[in-house]
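Spelled out from the first residue to the last, the chains are:
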Amino acid sequence: MASYKATRIPSFPRLGEKVTQDTLYWRNYKTPVQIKEFGAVTKIDFSPLSPHNYAVTASTRIHIYGPYSQEPVKSFTRFKDTAYSGTFRSDGQLLVAGSEEALIRLFDVSGRVALREYTGHSKAVHFTDFSADRFHILSGSDDYTCRLWDIPSSAEVSRYSEHTDYVRCGTPSRLNPDVFITGSYDHTVKVFDSRKERSVMTMDHGQPVESVLLFPSEGLLVSAGGRYVKVWDMLKGGQVLVSLKNHHKTVTCLCMSSTGQRLLSGSLDRHVKVYSTTTYKVVHNFDYAASILSIALAPNDDSIIAGMTNGVLSVKHKKHPEDRKMVGGTSRHRPAYRVFVKGKNYMPKQDDFLVRKREKAHLKQYDKELKRFQVSKALDSVLKPHVRLKTPEVTVAVIQELNRRGTLKNALAGRDEKGLSILLSFLIRNVVDSRFAPILLTVAEMVLDIYMKVVGQSAVVDKQILKLQELVEKEIDYQQELMEVLGMMDTLFATMTAKKEP
Amino acid sequence: MYRWQSGLWRLIDPGPGWIFASLIHLFVQFLLCASGDAVHVYSTSTEERVHVLQGHVDLVTGLRLNSSNHLQVYSCSLDGTVKLWDFTDGILIKTYIVGHKIFSLYVSKFHEGTVFIILPMESKAFQLVALHLPKTTGPEVEARDILSVLRDVSPIPKATSFGRGGEFVASASGLQLSVYFFRKQKTYRFSLKANDKKGARNRFTCVASHPNDDCIATGHEDGKIRLWRNFSQKKEYTYSTEHWHHSAVNALHFTPEGTELLSGGVESVLVLWRYGAGSKKDFVPRLGSAIEHISVSPDGSLYCTSHKDNKIVVMKSSRDISAIIQGLVKGVTDLLIDPRTKALVCNGKPGHLQFFSLRHDKQLYNLDIVQQEYIHEAGLHQCEVTKAAIDAQGSWLATVEERQENPEELDIILKLWAYDESTQSFHLNTSISMAHEGQISAMCFSGDAEATMLVTTGRDGHFKAWLLADHPDAQGEGASWSCDYVGSYHRREPTRCCFSADGSLLAVGFGEVVTVWSPSTWELLVTFSQPPGDIRDLCFGRLSCSKYLLGTTTKNLLCCWNLLTCSLEWSSTVDVILLQPDPLSENMAAFSRASGSTDLFVFKPSEPRPLFSQKAVCSGTVRRAVFAPREEVLEGCDESTQWLSCSRLYFLTEHMELMTFSTKSEEDQIIASSKQLVIDDSVAVTPFYLLLGKHRKSQRETQDSVSSHTAARIQLPQGSPAIRELLHTPAHVLPSASFLCNMFVNSLLISKCREEEMGSEEEEEAEEQESEGEMEASVSAQGPAVQGFQTEPTPQLSKAQERELRKLQKADFSWLSSLLDS
């Protein structure tokens, strides 16, 4: 007749975020390496040359780190005040940096002393970069101007004073040596062409602009300021393509993944969000310990580096499959393939009379005991450490089955001090778990009913019972609080819907 | 098989009787089962019902083999008659009229010409009497020759047993066992105390006597079995006690040799006790449902148990199940029709859904919904399937299972099952525990084919819409169902829900208010209310009447709202207990209660006048009803049966009788088909038969095959009716398949030579026309050649030759005629 049906272990839906391709990709980084800098890290820039060293601008120094080094390979410390925007030239030989002293310094990466100093700005220079032809330096300053400098002669080539507030960010076009873009605290993003006297395009971001970024194709421009990240279509004359509001504090930095398919934004709210550039939806989210001021991705996304206000530089390296192999090392010797196919690949001849052995269904230990109606033994078998600690859902499923059979009380009764303390420790561990709470509360009640008489005989059990009581009381308070919050939210929602309707 | 009621409707009682098998009697080839007022004869090998012995007009209470003729059987009934049947042919031989209600019947080898029956005495007691059967001829005989044997016996057939070929009779009643010896003509009575010290309940439930030893086995309410010996003395009797059953022993039976004692009870485990070996026993576990009766074939090779869930299990003495005869199991869910198999779906075994083919009156399969080991124990709260729904395509099945131990602890699981084409069955897709805080009161699928939606209404005041959501990002998971919308209306409790035929509107009944929602936007479109009285049933009109919404209330009102004008179209005061729309037409069936019986109205929502009405369809109320689509539209219906042309109405009464309506032409068909069921080789399989029968059979077959060759040739022209005949005859009455195969394939073939003959003849004709008189000589010369060609044993043309001929046929010979004309 029908065979014994094994106890069904219910599967619970996995809570939290869904695992997507993106989460897998972005989770594939090692635990971060923390490097302490002297002050807030305002700029991180990767050298375009292999081995892709990166320059970290923090306080009055610019440190250059190797890809896997914890100590700086080189540092430029000749700043008298805070340095800003240490940026490599596209050949990786020169480094330019602005500073609070209104100076722009140009360094040879292999040297120590500044090659050139460009004077002209009257206030701090927060943004410096090289133009695409490598011979010019762009700069944006708190004196509301942005200027173009000739590198060898250290002369000012042109000056634009269209902005009406601090110029804090900008980016040169990589395709056209004459075009560059600046963002300012006057809420505008302007596109300049060095061949023209005035700006060629102006976009109103709506908030002080903290960072601008050009897509590799340079058809799209991203600007960040306030809580918004906006994407502009340059080819349509600067129309807003999409406006993203996923942060709850000012967005300070932007960065593009190496393939150009993902956009990263870091914010003072300590989150880095990853957007897909096709749908502009957040596909992943990183949390950091402090507000983020700068973020950079190594070429090929090999590492994510974030600089924070507390001066900590967080470096996350990508996991490589080779690394894992090294850790795994010696693999266990497995039986040969032929062991498994033994006797199974025999093909019966045409006239052979087939006698099949009845397949014996494998039953777990607890099922075997349940089949024999040995309820106490069944419960014992699921209270073994490896079951109750690793798979508490199995233990709970068996308890549920015993309850369904009406024999839970019999199974719980008749335990000695050790058995009871195991049972109680299981309860303490799991009774507040929302998946198990309904049945485990019944169990707790039964246990108290059965063992009421022996309370006071064992110090271990008494301690555990007190702990259980404390736990349940705490949980009740907690639930009550949650209900209160829910009530508050309900009133809020109710007022919102009432407003909408008229 | 089918019982005729006055008029149009008939009762289906499928399987081994809708009124559960009350008695079973097993032979090697046949299984007799008393059910209701008929005795069913089943074949043990094919599980088919061979005969129905009909003649009694009240419940059949006893069934015994005639000890002098093993092809005859006695039956007795509450109508006061004892009938003798030839069960192999299904013929009533004789009727003995007793004139009192008969509660049981026994036959003993010791007393030929006498049967023992249990008759009621005055003051609610019963007595066992010997009834001498008069040997007068004639179909109906009065039998009044009664001799009292034992007084104060139990009317239950199981509580009395004849021992040692009829030397004594043992009967138990209450706490007393009485044994009467025919030789000594003396009665011994043994009593047990009502309660032992351990709180045992000692009442007798059943008695069995050892066939050739002085031993009586008795079953008790607390599950004990006592084996009584030495009971021919008043004082020195002894008994030994065996205890395995945890609840009452329902049935006890010794095997014919007396080597084993079979017992069964609520545990649904058949226990085989070895006689004389103490408490050594074997088990046949998990038989599915409580064992009610046990029977063993006279040669001891087959055991048979009848179960509470309308099932008879036949097993070999090696404990292998050889046959299961399963009838429709009573349940609580709605009746559903599976659109794929056209099978009726309702509760089956505990925790299962059964798929029951109405066309074949046979259970197709059971779908395990609960997927838990069923513990057969009285007083245990079991998980029950309370609701089920199938979508219009038959690709999704939704089930609700409930388990309520006490009012606070309610377990509800909503399960959704996807139909798997490759395995041809439903597979669990999503399981949602606690879908609602309270019980789920109604559930329905939307009719929309693209986006299937399920709506459930719960006692917690919400209705929920569930959608199949695909998670393309999620790893290794297919589509699963999730909640799409939770709706409520003024904290009222929703009772009914219903989708319009196209799935664009959802009607939910909240108390006395009907709300109509748009499932695409979840906007409340309109509300209808017809107070007082809560909404009991809701349904949308179909096809041309889809603008109407029908509702019935508890205050005897049937309302029809027009959805276009949002107003009440018409209403009528009928106490409608059930409203059922026909999915294939506009018709609606409404069952209304009227003074102890139920009336049926069939109407179209567009007009309040019924198309058809039938008073007093059945006694009591109708529980469930369903329209099952027919395989083919019924032609030639008169006006009163027009509504039956597309689908057929089945309904389930309070007494768990499944009934349906049929037209006159169908009745004739059924009678015809029941006549076909005649078994020819019903002779018992004896060693002699095995030796001789086989030989004769093969002889006959060769003869048959010789004769049938010619027969097949003759039948060839009208091949298709022959095939139909072949396919429609039940398999068990046909000769072996290997024999039929040849014939069948032959009948399908149109032999090639025939075609070629035709072709060549045509060609001759064509040529004849063209070269009329001129070639007369050659034609006459060809004539005999053609004849010879036909008679040739292998009339084969090579491919090339054929092609040549065809080319010749196609060639234009008009130039020849023009030449002739000129």
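Residues numbered from 1 in each chain as written. Chains lettered and ligands numbered in written order. Predicted model: local features only at pLDDT ≥ 70, side-chain atom pairs only at ≥ 80, totals over all residues. Heavy atoms only, no water.

Section: the overall build of chain B
Helix and strand content of chain B: eight helices and 58 strands. For chain B, the proportion of its 822 residues judged to be buried stands at 49%. A separation of at least 24 residues holds for 43% of the contacts in chain B among residues at least 6 apart in sequence. Put simply, chain B shows about 39,600 Å² of open surface, and 51% of that area lies on carbon and sulfur atoms. (Helix = DSSP H or I, 4+ residues; strand = E, 2+ residues; numbered from the N terminus. Buried < 20%, exposed > 50% of the residue type's maximum accessible area, 1.4 Å probe, protein only. Contact = heavy atoms within 4.5 Å. Areas by Shrake-Rupley, 256 points an atom, 1.4 Å probe, with all protein chains shown as cover.)

A look at the overall build of chain A
Assigned secondary structure in chain A consists of eleven helices and 28 strands. Evaluated residue by residue, chain A yields a buried proportion of 46% over its 502 residues. Considering only contacts in chain A between residues 6 or more positions apart, those separated by 24 or more positions represent 45%. Of the roughly 27,800 Å² of accessible surface on chain A, 54% is carried by carbon and sulfur atoms.

A word on the packing of helix α7 (residues 392-404) of chain A against helix α10 (residues 437-450) of chain A
Residue and element names in this part refer to chain A. Two elements in contact, α7 and α10, have axes whose closest approach is 10 Å; the angle formed by their N-to-C orientations is 65 degrees. Judged by the inter-axis angle, α7 sits roughly perpendicular to α10. For α7 against α10, the interelement crossing comes out left-handed. Facing Val 396, Ile 399, Gln 400 and Asn 403 of α7, the residues of α10 in contact are Ile 439, Leu 440 and Val 443. (Axes fitted to C-alpha atoms, helices over the stretch in contact; angles between N-to-C directions. Parallel < 35°, antiparallel > 145°, perpendicular 65-115°, else oblique. Left-handed = near helix turned anticlockwise from the far one by under 90°.)

Quick notes on the sheet that holds strand β27 (residues 281-284) of chain B
All names here are of chain B. Read across the sheet, four strands follow the order β24-β25-β26-β27 without closing on themselves; strand pairing throughout is antiparallel. The open sheet has two edge strands, β24 (249-254) and β27, and neither has a second partner. Direction aside, neighbouring strands of the sheet carry axes that sit 20 degrees apart on average. Note: β24 against strand β25 (residues 260-265), five bridges, orientation antiparallel. Bridge assignment links His 253 to a residue of β25, and that residue is Leu 262. (Pairing = 2+ DSSP bridges.)

Some remarks on helix α5 (residues 375-382) of chain A
Residue and element names in this part refer to chain A. Within the sequence span of α5, burial applies to Val 375, Ala 378, Leu 379, Ser 381 and Val 382. In a view along the axis of α5, the buried residues occupy a sector of 160 degrees, so they form one face of it. Considering only its buried residues, α5 is in contact with α4 (365-371), α6 (385-390), α7 and α8 (408-412). (Arc of directions from axis to C-beta.)

Section: the confidence of the model for chain B
Residues and elements named next belong to chain B. Per-residue confidence for chain B gives a mean pLDDT of 77; residues scoring 70 or more make up 79%. Looking over chain B, one finds the lowest element-wise mean pLDDT in strand β1 (residues 2-4), namely 33, and the highest in strand β26 (residues 270-274), namely 92. In the model, residues 676-684 has pLDDT below 50 throughout and makes 17 contacts with residues more than four positions away in sequence or in other chains. Counting interchain partners and residues more than four positions distant, the pLDDT-below-50 stretch residues 755-792 has 16 contacts. The ipTM, which scores confidence in the relative placement of chains, is 0.72 for this predicted complex, and the corresponding pTM is 0.69. (pLDDT = per-residue confidence, 0-100.)

Concerning the side chain of Thr 395 of chain A
Within the secondary structure layout, Thr 395 of chain A lies in helix α7. Beyond its immediate stretch of four places on either side in the chain, Thr 395 of chain A contacts Val 382, Leu 383, Val 387, Arg 388 and Phe 426 of chain A.

Some details on the interface of chain A and chain B
Where interface size is given, it is often the accessible area lost as the parts come together that is meant. With 21 residues of chain A in contact, the opposing surface of chain B contributes 27 residues. When chain A packs against chain B, close to 2,000 Å² is buried across both sides, 48% of that on carbon and sulfur atoms. The residue Asp 368 of chain B makes a salt bridge to Lys 5 of chain A at a minimum N-O spacing of 3.2 Å. Those elements that provide at least two residues to the side of chain A that touches chain B are α1 (21-27) and α7 of chain A. Top element by residues in the side of chain A that touches chain B is α7 of chain A. It accounts for four residues. Looking at the side of chain A that touches chain B residue by residue, the class counts come to six nonpolar, seven polar and eight charged. (Buried area = accessible area lost by both parts, 1.4 Å probe. Salt bridge = Lys/Arg side-chain N within 4 Å of Asp/Glu carboxyl O. Nonpolar A, V, L, I, M, F, W, Y, C, P; charged D, E, K, R; others polar.)

Here we look at the UniProt feature "repeat: WD" (unreviewed entry) in chain B
Sequence positions flagged by UniProt for "repeat: WD" (unreviewed entry) are, in local numbering, residues 53-95, 197-228 and 242-273 of chain B. When the span residues 242-273 of chain B is considered, its composition is 0% helix and 56% strand, and the gap between its end C-alpha atoms is 9 Å. (UniProt positions renumbered as here; feature names shortened; annotations may be inferred.)

Structural notes on the pairing of strand β30 (residues 311-316) of chain B
All names here are of chain B. Extensive coverage of β30 is indicated by the burial of five of its six residues. Taken together, the six bridges between strand β29 (residues 302-307) and β30 define a ladder with antiparallel strand orientation. Note on β30: the bridge partner recorded for Thr 305 is Val 313. Bridging between β30 and strand β31 (residues 321-326) involves five bridges; their strand directions are antiparallel. Following the sheet pairing, Met 315 is matched in β31 by Ile 321. As consecutive antiparallel partners, β30 and β31 are separated by four residues, and within that stretch Arg 319 has a phi angle of approximately 70 degrees, a positive value.

Here's the deal with the sheet that holds strand β23 (residues 262-267) of chain A
Residues and elements named next belong to chain A. The four strands are arranged β22-β23-β24-β25 in an open sheet whose pairing can be described as antiparallel. Of all strands in the sheet, those with a lone pairing partner are β22 (251-256) and β25 (282-287), marking the two edges. Going across the sheet, the axis of each strand differs from the next one's by a mean of 20 degrees, ignoring polarity. The pairing of β22 with β23 spans five bridges and is antiparallel. By the bridge assignment, Met 256 is partnered in β23 with Leu 263.

Examining the packing of α5 of chain A against α7 of chain A
All names here are of chain A. Close contact between α5 and α7 brings their axes to 9 Å; oriented N to C, the two are set at 165 degrees. The pairing of α5 with α7 is recorded here as roughly antiparallel in orientation. Between α5 and α7 lies a crossing whose hand is left-handed. The segment α5 lies against α7, with Val 375, Ala 378, Leu 379 and Val 382 engaging Val 394, Thr 395, Val 398, Ile 399 and Leu 402. For the contact of α5 with α7, a count of residues per class yields eight nonpolar, one polar and no charged.

Overview of the pattern of salt bridges
Residue and element names in this part refer to chain B. The full count for this structure, using the stated rule, is 32 salt bridges over all chains. Lys 224 is paired through a salt bridge with Asp 222; the nearest N and O atoms lie 3.2 Å apart. Each of the two residues, Lys 224 as well as Asp 222, counts as buried. Linking Lys 415 and Glu 401 is a salt bridge whose minimum nitrogen-to-oxygen distance equals 3.4 Å.

As for the environment of Asn 285 of chain A
All names here are of chain A. With respect to the helices and strands, Asn 285 occurs in strand β25. Distance from Asn 285 to Ser 265, taken between C-alpha atoms, is 9.7 Å for residues 20 residues apart in sequence. When neighbours within four sequence positions are excluded, Asn 285 is seen to be in contact with His 271, Val 272 and Lys 273.

Structural notes on a negative patch on the surface
Residues Glu 445 and Asp 449 of chain A together with Glu 408, Glu 409 and Asp 411 of chain B make up a contiguous surface patch of negative charge. Contributing elements (two or more residues each) for the negative patch: α10 of chain A together with β38 (409-420) of chain B. Tracing the sequence through the fold places Asp 411 of chain B in strand β38. (Patch = residues over 30% accessible without salt bridge, like charges linked within 9 Å, V, L, I, M, F, W, Y side chains within 5 Å. Lys, Arg positive; Asp, Glu negative; His and termini not counted. Charge placed at Lys NZ, Arg CZ, Asp CG, Glu CD.)

Here we look at the nonpolar core
One finds Leu 440 and Val 447 of chain A to be the most contacted residues of the largest nonpolar core, which totals 36 residues. Sorting the residues of this core by element identifies α4, α5, α7, α8, α9 (417-430), α10 and α11 (459-500) of chain A as the ones contributing at least two each. If we ignore the near neighbours within four places in the chain, the residues touching Val 447 of chain A are Leu 412, Leu 420, Leu 423, Leu 424 and Leu 427 of chain A. In this structure, Ala 507, Leu 557, Leu 558 and Leu 579 of chain B belong to the second largest nonpolar core, which totals 28 residues. (Core = buried A, V, L, I, M, F, W, Y, C linked by side-chain atoms within 4.5 Å.)

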